[in-house]
Amino acid sequence: MTSPAVPDLDAVSSLQVTGAGPARGSLQVPGDKSISHRAVLMGAMAHGPTVITGLSRGQDVTHTLRAVERFGVSVTDAGEGRVRLEGPIRHEPDDVLDHGNAGTGIRLTAGVCAGISGVSVLTGDQYLRRRPMDRIAEPLRSMGATIDGRENGRLAPLVIRGGSLTGITYAPKVASAQVKSALLLAGLSAKGRTTVEEVHPTRAHTEEMLIQFGARVSVDGQRVTVEPGELTGTDIAVPGDPSQAAFWAVAALLADQGEVTVETLYPGFGRSDFVGVLKRMGADIDFDLTTGTLVVRASQLHAVELTAEDIPGIVDEVPVLAMAAAVAEGTTVISGAGDLRAKESDRISSTAAMLRAFGVRVTETEDGMVVEGAARLRPARVDSHGDHRIAMTAAVAGACAADGTTVIDGWDSVATSYPAFAADLVRLTGAVAEPGA
Ligand code: S3P
């Protein structure tokens, strides 16, 4: 069966979605963004070739690829997500590293730069330059790096003079895989071992992949330790991104007759907790951990309570889970999610504003929100605030549950992580997607 032709909608600043029908069908989502950033950075640090397949083609990872070229690493892009890197890093970057919108890109690369003798300057777009960098700058300074930036080093552009690091033991104040990863990557070139002790466990891609690249890493509960040492190039096959599959899971749940299958997702720790949350809400959802296949069928949902314990495992899925809560029976309370205010947008306030635009009753709290369920969604005009996850949540709600035309301003943010999302949306829901007026 051939899919209907869909114009290239990745670059439009505003997208208009008309429809209100179920999402049905199966698909593969882009390569996992978190794993892709790490594969590129470790491939650049490693001695010898690394071949990556299934790499995310979003702008965020493209910025990381361009950044490692600045270190003298050769990058051969064969297209379709197949990239060959020839490490190791040869010198300090020969220009400013622009990470665009990518928080993971800039923070993990900062860890790499801290370990290189020389100076690196890291920056990003208007949204990234507002996000806190002290969470990585402080511990990297205590390892011996000199880091400066705007507002006393809290904000990018960051200037890092690296080299001569000493390993530390550090307990981050926020549960953050980005902080853990920056320190572990810096720790590879430090004197002595580097240990990160987490209060809440976060995604484990860095420690898993460091082992694949031959590093000496030990994990003891929520303590991860890396010994200094060199990496050796290897081949990395990037699985599908569970955080992107979450949009299709909720899409399937938003309208009667919805049924979606997403294949070849990353099945490991810390990325598919949204499946458990949707199950707690009564969803007919099944995730096969051996094949990475997710199957979701329309179900009557009920409210759920999400607390600080839940958040690290669903940190990127809160906007779309809040949309599921809007159509569920009862009142959903989300708390312990204060760090969402420091994501691509202030995600507590941008999620609340999006829900309100669809006619949902929602109250913002300092560290979360209260969502009144059983809402009948009305078509909305939504501002993404430059945040891809707000834009994609609004698009599935507009296509599956709001009868009429929904307009999403700031649609171009979606290209950071999921080029061709609009094409998948049209294919699965039959909605009409066109540049917005
Ligand atoms: C990521 C970690 C999370 C997540 C981000 C990707 C990663 O951020 O929100 O999208 O790849 O390490 P924090 O670790 O800062 O919570």
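Residues numbered from 1 in each chain as written. Predicted model: local features only at pLDDT ≥ 70, side-chain atom pairs only at ≥ 80, totals over all residues. Heavy atoms only, no water.

Draft legend 1. Quick look at the UniProt feature "active site" (unreviewed entry) in the protein chain. Under the local residue numbering, the UniProt record ascribes the feature "active site" (unreviewed entry) to D316. Its place among the elements puts D316 in the loop between β18 (305–306) and α10 (318–327). The class for D316 is buried, based on a relative accessible area of 12%. Residues in contact with D316, not counting those within four places in the same chain, are R203, S243, R347 and R389. (UniProt positions renumbered as here; feature names shortened; annotations may be inferred. Helix = DSSP H or I, 4+ residues; strand = E, 2+ residues; numbered from the N terminus. Buried < 20%, exposed > 50% of the residue type's maximum accessible area, 1.4 Å probe, protein only. Contact = heavy atoms within 4.5 Å.)

Draft legend 2. Up close: helix α4 (residues 134–142). For α4, the complete set of buried residues consists of R135, I136, A137, P139 and L140. Where α4 is buried, its residues meet α3 (103–114), β8 (146–149), α5 (150–153), β9 (155–162), β10 (169–170) and α6 (177–187). Immediately beyond the C-terminal end of α4, within one or two residues, lies G144, with a positive phi of roughly 120°.

Draft legend 3. Just the sheet that holds strand β7 (residues 118–123), in detail. Taken in spatial order, the four strands make up an open sheet running β6-β7-β9-β8, and their pairing is mixed. Whereas interior strands pair on both sides, the edge strands pair on one side only; in this sheet they are β6 (97–98) and β8. Bridging between β7 and β9 involves five bridges; their strand directions are antiparallel. Within β9, the position partnered with V121 by the bridge is V159. (Pairing = 2+ DSSP bridges.)

Draft legend 4. Structural view of the environment of G167. Relative to the helices and strands, G167 is located in the loop between β9 and β10. For the pair G167 and V414, spaced 247 residues apart in the sequence, the C-alpha separation amounts to 38 Å. Excluding anything up to four places from it in sequence, G167 contacts M143, A190, K191, G192, R193 and T194.

Draft legend 5. Inspection of the packing of helix α1 (residues 33–45) against helix α2 (residues 59–70) at higher detail. Between α1 and α2, whose axes approach to 9 Å, the crossing angle comes to 5°. Comparing the axis directions of α1 and α2 gives the class roughly parallel. On α2, the residues that touch K33, S36, H37, V40, L41 and A44 of α1 are D60, V61, T64, L65 and V68. Taken together, the residues that form the contact of α1 with α2 break down as six nonpolar, three polar and two charged. (Axes fitted to C-alpha atoms, helices over the stretch in contact; angles between N-to-C directions. Parallel < 35°, antiparallel > 145°, perpendicular 65-115°, else oblique. Nonpolar A, V, L, I, M, F, W, Y, C, P; charged D, E, K, R; others polar.)

Draft legend 6. Main features of the UniProt feature "binding site: 3-phosphoshikimate" (unreviewed entry) in the protein chain. The UniProt feature table records "binding site: 3-phosphoshikimate" (unreviewed entry) at K33, S34, R38, S176, Q178, D316 and K343. Relative to the helices and strands, R38 resides in helix α1. Overall, the relative accessible area of 2% leaves R38 in the buried class. Look past the residues within four positions of R38 in its chain and what remains in contact with it is G43, T104, L108, A177, S181, R203, H205, T206 and M209. A polar contact of 3.2 Å, which involves the side chain of D316, links it to the side chain of R203. (Polar contact = N/O pair within 3.5 Å; in protein donor to acceptor, adjacent residues only side chain to side chain.)

Draft legend 7. Focus on the pattern of salt bridges. Counted by the stated rule, this structure contains 28 salt bridges. A salt bridge links R66 to E69; the shortest N-O distance between them is 2.8 Å. Note that R66 and E69 are positioned in helix α2 at a spacing of three residues, about one turn of the helix. One connected set of salt bridges, linked through shared partners, spans R131, R203, D316, E344, R347, D387 and R389. (Salt bridge = Lys/Arg side-chain N within 4 Å of Asp/Glu carboxyl O.)

Draft legend 8. Local environment of the confidence of the model for the protein chain. Across the protein chain, pLDDT averages 97, with 98% of residues at or above 70. The element-level mean pLDDT for the protein chain is lowest in α5, coming to 93, with α1 highest at 99. (pLDDT = per-residue confidence, 0-100.)

Draft legend 9. Quick look at the nonpolar core. Within the largest apolar cluster, 82 residues are counted, with the highest numbers of intra-cluster contacts made by W248, L278, L294, F358, W411 and F421. It is helix α8 (residues 242–254) that contributes the most residues to this core, ten residues altogether. With sequence-adjacent residues up to four places away left out, W411 is seen in contact with L9, D10, V12, S13, S14, L15, A391, M392, A395, F421 and A422. Counting 62 residues, the second largest nonpolar core, distinct from the first, contains I52, L122, A145 and L231. (Core = buried A, V, L, I, M, F, W, Y, C linked by side-chain atoms within 4.5 Å.)

Draft legend 10. Highlighting the environment of A325. Here A325 shows up in helix α10. We classify A325 as buried; its relative accessible area is 1%. Each C-alpha atom, one on A325 and one on A44, is 42 Å from the other, the two residues being 281 residues apart in sequence. For A325, the residues in contact, after removing those within four places along its chain, are M281, T332, V371 and G373.

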